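# Examining the three-dimensional arrangement
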Amino acid sequence: QKEVEQDPGPLSVPEGAIVSLNCTYSNSAFQYFMWYRQYSRKGPELLMYTYSSGNKEDGRFTAQVDKSSKYISLFIRDSQPSDSATYLCAMSAIGIQGAQKLVFGQGTRLTINP
Amino acid sequence: KAGVTQTPRYLIKTRGQQVTLSCSPISGHRSVSWYQQTPGQGLQFLFEYFSETQRNKGNFPGRFSGRQFSNSRSEMNVSTLELGDSALYLCASSRNLAGGRGDTQYFGPGTRLTVL
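This is a predicted model, so every value here is computed, not measured.

Now for the overall build of chain B. If you tally the helices and strands in chain B, you get 0 helices and 11 strands. Counting helices and strands in the order they occur from the N terminus, chain B gives β-β-β-β-β-β-β-β-β-β-β. Here chain B has a C-alpha radius of gyration of 14 Å; the compact-globule value for 116 residues is 13 Å, and the two agree. Taking the principal axes of the C-alpha coordinates as reference, chain B spans close to 45 × 30 × 25 Å. Within the span of chain B, comprising 116 residues, buried residues form 51% of the whole. A separation threshold of at least 6 residues defines the contact pool for chain B, and within that pool the share at least 24 residues apart is 55%. Side-chain charges in chain B split into 13 positive and 6 negative, and the spacing between the mean points of these groups amounts to 4 Å.

Contacts between the two partners involve 28 residues from chain B, matched on the other side by 19 residues from chain A. Together, the buried faces of chain B and chain A total about 1,900 Å²; carbon and sulfur atoms form 50% of this surface. Viewed at the interface, chain A and chain B are joined by 0 salt bridges. Between chain B and chain A we count 5 residue pairs in polar contact (both at pLDDT 80 or more) in total. Breaking the side of chain B that touches chain A down by element, the ones donating at least two residues are strand E4 (31–38), strand E5 (42–50), strand E6 (53–57), strand E9 (87–94) and strand E10 (106–107) of chain B. Counting residues per element, the side of chain B that touches chain A draws most heavily on E5 of chain B, which supplies 4 residues. When grouped by side-chain class, the residues that make up the side of chain B that touches chain A number 10 nonpolar, 12 polar and 6 charged.

This part takes up the state of the cysteines. Residue and element names in this part refer to chain A. Applying the stated rule across the entire model yields 2 disulfides over all chains. Across the disulfide from Cys23 sits Cys89; the S-S distance is 2.0 Å. Judged by the torsion about the S-S bond (-100 degrees), the Cys23/Cys89 disulfide is left-handed. Within this pair, whereas Cys23 is found in strand E3 (residues 19–25), its partner Cys89 is found in strand E9 (residues 85–92), the two being separated by 66 residues in sequence. You can call Cys89 buried: its relative accessible area is 0%.

Residues and elements named next belong to chain A. Looking at where Ser92 falls in the secondary structure, it is placed in strand E9. Using a relative accessible area of 0% as the deciding quantity, one classes Ser92 as buried. The contacts of Ser92, once residues within four sequence positions are left out, are Ala29, Phe30, Gln31, Tyr32, Met34, Gln100, Lys101 and Leu102.

Moving on, we get to the packing of aromatic side chains. Considering all chains together, one arrives at 12 aromatic pairs over all chains under this definition. With a centroid separation of 5.7 Å and 85 degrees between ring planes, the pair formed by Phe104 of chain A and Tyr35 of chain B is classed as edge-to-face. Taken together, the residues span two chains, with Phe104 of chain A in strand E10 (residues 103–104) and Tyr35 of chain B in strand E4. Across the pair, Tyr35 of chain B and Phe104 of chain A agree in class, each one buried.

Looking now at the pattern of salt bridges. Inspection of the entire model under this criterion finds 8 salt bridges over all chains. Several salt bridges share partner residues, and in doing so they unite Arg63, Glu82 and Asp85 of chain B into one network.

Moving on, we come to the confidence of the model for chain A. Mean pLDDT for chain A: 92, with 96% of residues reaching 70 or above. Ranking the elements of chain A by mean pLDDT puts strand E5 (residues 45–51) of chain A last with 90 and E3 of chain A first with 97.

The rules behind the values
Residues numbered from 1 in each chain as written. Chains lettered and ligands numbered in written order. Predicted model: local features only at pLDDT ≥ 70, side-chain atom pairs only at ≥ 80, totals over all residues. Heavy atoms only, no water. Helix = DSSP H or I, 4+ residues; strand = E, 2+ residues; numbered from the N terminus. Rg over C-alpha atoms; globule rule 2.2 N^0.38 Å. Buried < 20%, exposed > 50% of the residue type's maximum accessible area, 1.4 Å probe, protein only. Contact = heavy atoms within 4.5 Å. Lys, Arg positive; Asp, Glu negative; His and termini not counted. Charge placed at Lys NZ, Arg CZ, Asp CG, Glu CD. Buried area = accessible area lost by both parts, 1.4 Å probe. Salt bridge = Lys/Arg side-chain N within 4 Å of Asp/Glu carboxyl O. Polar contact = N/O pair within 3.5 Å; in protein donor to acceptor, adjacent residues only side chain to side chain. Nonpolar A, V, L, I, M, F, W, Y, C, P; charged D, E, K, R; others polar. Disulfide = S-S within 2.5 Å. Phe/Tyr/Trp six-rings, centres within 6.5 Å; stacked < 30°, edge-to-face > 60°. pLDDT = per-residue confidence, 0-100.

Now the structure itself:
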């Protein structure tokens, strides 16, 4: 079983819809939770960064972390065709001397249809 | 501020050869991490360097190695290339905050390696 599980999709929704993306994880040591967006043939771009449980909002994006359920979500409101990309969840724990490695989900391919 | 840069962007090699990839982190960032991305396995952590020392290592064979220079620039090397090494190799840099706190990692565009 992978440490981080993410439905790879693909997910296709109409423009303007609310999109919900989710990941589950098994390692209770994870403290830092991130969402990255990756366009085709580009490197991942950081969207949201959250420490521990709670919600964080940035414009049309909201990230939620529920550590008790080991479940994180990303919501996109008023989705736009430019949001079409692969969305990757990532999480990490802090090791010795601050060493940190990101563990990624498989990524969900999202298409927003005009 | 310039982002993370990686060179070369594309590379074609044959089995058995070796390859060296280069990464220049964001100015002021002292930690550099390397990841391999493939369609089947997704993004997997290779190793992390800080102050020219490898601090963390993923589950890859010894053919994969890296180093970091005093200016924080990093290189990774893959020896005796196999077909399965074909992937997008991504470098990420971070500031490495004091006190062991987590830090955001910023990725470069990657080097796409094709092994024939």
